[in-house]
Amino acid sequence: LIGLLKKRTQTERNGYMSDIMAKDLREQYRKTFSTVRKIVETFPEERWREPHGDIYYIPCRIAYHIALVIDRFIADGYKDRDFQAKVPYGNWAEAKAEALPDRAEFLAYYDGIIARAEKVLADISDEALKAPLPQEISFFAESLIGLHMCMMREISDHTGELNKMLVDNGLEDVWVYK
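The text that follows walks through the structure, step by step, so that each part is easy to find. Keep in mind it's a predicted model, so treat the numbers as computed, not measured.

Some remarks on the overall build of the chain
Along its length, the chain carries seven helices and zero strands. Taken from N to C terminus, the helices and strands of the chain fall in the order α-α-α-α-α-α-α. The buried share among the 178 residues of the chain stands at 41%.

What about helix 2 (residues 20-42)?
Between its terminal C-alpha atoms helix 2 stretches 33 Å, which fits the 33 Å expected from 23 residues at 1.5 Å a residue. Each element contacted by the buried residues of helix 2 is listed here: helix 3 (59-74), helix 5 (103-122), helix 6 (126-129) and helix 7 (144-168).

A few points about the environment of M21
You can see M21 is positioned in helix 2. For M21 and E127, which are 106 residues apart along the polypeptide, the C-alpha to C-alpha distance reads 9.5 Å. Contacts of M21, omitting those with residues within four sequence positions, involve D126 and L129.

Thoughts on the packing of aromatic side chains
Applying the stated criterion across every chain yields a total of 13 aromatic pairs. Pairing F73 with F140 gives two aromatic rings, centres 4.8 Å apart and planes at 75°, and the pair type is edge-to-face. Of this pair, F73 sits in helix 3 while F140 sits in the loop between helix 6 and helix 7; the two residues are 67 residues apart in sequence, bridging distant segments of the chain. Residues Y89 and Y109 carry aromatic rings whose centres are separated by 5.7 Å and whose planes lie at 90° to one another, so their mutual orientation is edge-to-face.

Digging into the packing of helix 3 against helix 7
Contact pair helix 3 / helix 7: the axes reach a minimum separation of 10 Å and the direction vectors enclose 165°. One way to sum up the angle between helix 3 and helix 7 is to call them roughly antiparallel. The crossing of helix 3 and helix 7 is left-handed. Of helix 7, the residues touching helix 3 (which contributes P59, I62, A63, H65, I66, V69, I70, F73 and I74) are L147, H148, M151, E154, I155, H158, T159, E161, L162 and M165.

Section: the layout of surface pockets
Counted as a void, the largest pocket has a volume near 210 Å³. Lining the largest pocket are 14 residues, and of these T32, T35, S156, W175 and V176 lie nearest its centre. Of all the secondary-structure elements, those providing two or more residues to the lining of the largest pocket are helix 2 and helix 7. The element that contributes the greatest number of residues to the lining of the largest pocket is helix 7, accounting for six residues.

A look at the nonpolar core
Within the largest apolar cluster, 53 residues are counted, with the highest numbers of intra-cluster contacts made by Y29, F33, I70, I74 and F106. Secondary-structure elements contributing two or more residues to this core are helix 2, helix 3, helix 5 and helix 7. In terms of residues, this core owes the most to one element, helix 3, which gives eleven residues.

Observations regarding the packing of helix 2 against helix 7
For any two helices packed against each other, one specifies the inter-axial angle together with the distance between the axes. For the pair helix 2 and helix 7, interaxial distance at closest approach is 10 Å and the crossing angle is 25°. Taken together, the axes of helix 2 and helix 7 lie roughly parallel to each other. Considering how the two elements wind past one another, helix 2 and helix 7 form a crossing that is left-handed. Residue-level inspection shows L25, Q28, Y29, T32, T35, V36, I39 and T42 of helix 2 in contact with helix 7, the latter providing H148, M151, M152, I155, T159, L162, N163 and L166. For the contact of helix 2 with helix 7, a count of residues per class yields nine nonpolar, seven polar and no charged.

What counts, and where the lines are drawn
Residues numbered from 1 in each chain as written. Predicted model: local features only at pLDDT ≥ 70, side-chain atom pairs only at ≥ 80, totals over all residues. Heavy atoms only, no water. Helix = DSSP H or I, 4+ residues; strand = E, 2+ residues; numbered from the N terminus. Buried < 20%, exposed > 50% of the residue type's maximum accessible area, 1.4 Å probe, protein only. Expected span 1.5 Å × (residues − 1). Contact = heavy atoms within 4.5 Å. Phe/Tyr/Trp six-rings, centres within 6.5 Å; stacked < 30°, edge-to-face > 60°. Axes fitted to C-alpha atoms, helices over the stretch in contact; angles between N-to-C directions. Parallel < 35°, antiparallel > 145°, perpendicular 65-115°, else oblique. Left-handed = near helix turned anticlockwise from the far one by under 90°. 1 Å grid on protein atoms, 1.4 Å probe; cavity = no way out; pocket = protein on both sides within 12 Å on 5 of 7 lines; lining within 4 Å. Points joined across faces, edges and corners; volume = space filled by probe spheres on them. Core = buried A, V, L, I, M, F, W, Y, C linked by side-chain atoms within 4.5 Å. Nonpolar A, V, L, I, M, F, W, Y, C, P; charged D, E, K, R; others polar.

Here it is in structure tokens:
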């Protein structure tokens, strides 16, 4: 009996360990997605659509860009050939602040994207992370883990921009670590 328990425990441990990278990826995305959400919740509504430095640095536009990155490359939106035509507020880089959603509307939109992304991430295994990327997105990396590393960099870059805007508004920056 003790031998069977030891074997079962070892098998469970090996099964767990076999997807440790995928589990870590999901956890880091959870924290990243939560950080973005908390920044948007914290941002003063009266400054949400105002430029911070130049016309590019508008909090609602940067947040929308982050949402589109998540939707397209983490929630697998790239698989839909008409993805860009279906985005609700158009091309993020050309979007006018007044055409973008207020914080509450953005958060409802963002939560839907995060739900889709989490569904995709739930099905990823360590083995899948090693798989080559489809041709249409292979300019990012050679493998799925490479794509996710690139997306973490992309989201982190823009999260930093949003955090700087918070600080510029006299608020503390946000970083979810648990």
